[in-house]
Structure formats: C-alpha cells, structure tokens
Amino acid sequence: MRDAPEKRMTLASPNPADWRLLRERHGLTQEDLARLVYRTKQAVRKWEQGRGAGDPACWHLALLLLGELGRKRNPIPVRVAGAINDDADADMRAGSSSAAHAEAKHRAVARGA
C-alpha cells in the first residue's frame, strides 16, 4: 500500500477589503504598502479596488512584516486553502500596544527600511 502524498499548504489571495483593512490598520498609504511588498502604488490600488489578482506572496509578506500572522485581537483573515489562522501573536502576548507597533512599522516603511 502506498503512502498518501503530503498535503501542501496553498496560499489564497486576499479580497480587496483585506488589503485596505491591513493598510489602514497600520496607518500606511498605498505607496507605503507598495514599498513594503516590493510592488507599485498602482498595483496596491488595483488590489484594493478588486481590479487585480492580489499576489498571495505579497499578502503574506505584508502580514509577516506588519506582525499580523497569528494576531489574536481583531485579526485580519489569513486565507490558507479555506482555513483561517488565529494563533496568538508574539507581540500581542507580550502586551505591546498595537498602535505603537503600527506607528513603528509606519516610520520604518517611510524611511525605506
């Protein structure tokens, strides 16, 4: 009897509202978010308006860099093959202020870091 093949995690694309919610939650402009995920401002605008596919790799990069993966309070849905990730985020467990965290991330993006 053959072993069943391993199931691989499939990254799903976010919907337009997800992009805008993520950006606004962290006080970023479309240009800031574009720099963060190595895309153009026009690409981010299209994703938010539902006129572009919204690259899953860019979505997950943004979530990682902004500390959203595993966020327990008011999570932005992380769509992975129909599942939603809601593990506790290390920053949230440590009790850091999400507003301060977002401001620090915004300053880093604005500096081009």
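Residues numbered from 1 in each chain as written. Predicted model: local features only at pLDDT ≥ 70, side-chain atom pairs only at ≥ 80, totals over all residues. Heavy atoms only, no water.

Asker: I'd like a rundown of helix 4 (residues 56-65), residues and numbers included.
Answerer: If you check which residues of helix 4 are buried, you get C58, W59, H60, A62 and L63. Where helix 4 begins, the capping side chain belongs to D55, and its oxygen is found 2.9 Å from the backbone nitrogen of A57. G67, located one to two residues past helix 4, shows a positive phi value of around 75 degrees. (Buried < 20%, exposed > 50% of the residue type's maximum accessible area, 1.4 Å probe, protein only. Helix = DSSP H or I, 4+ residues; strand = E, 2+ residues; numbered from the N terminus. Polar contact = N/O pair within 3.5 Å; in protein donor to acceptor, adjacent residues only side chain to side chain.)

Asker: Quick rundown of the packing of aromatic side chains? Include the residues and the values.
Answerer: All chains considered together, the criterion is met by two aromatic pairs. Each ring, one from W19 and one from W59, has its centre 5.0 Å from the other, and the planes form 75 degrees; the classification is edge-to-face. Remark: W59 occurs in helix 4 and W19 occurs in helix 1 (residues 16-25); sequence separation between them is 40 residues. Among the aromatic residues, those joined into a ring-pair cluster are W19, W47 and W59. (Phe/Tyr/Trp six-rings, centres within 6.5 Å; stacked < 30°, edge-to-face > 60°.)

Geometric descriptors of this kind do not, in isolation, establish any biological role.
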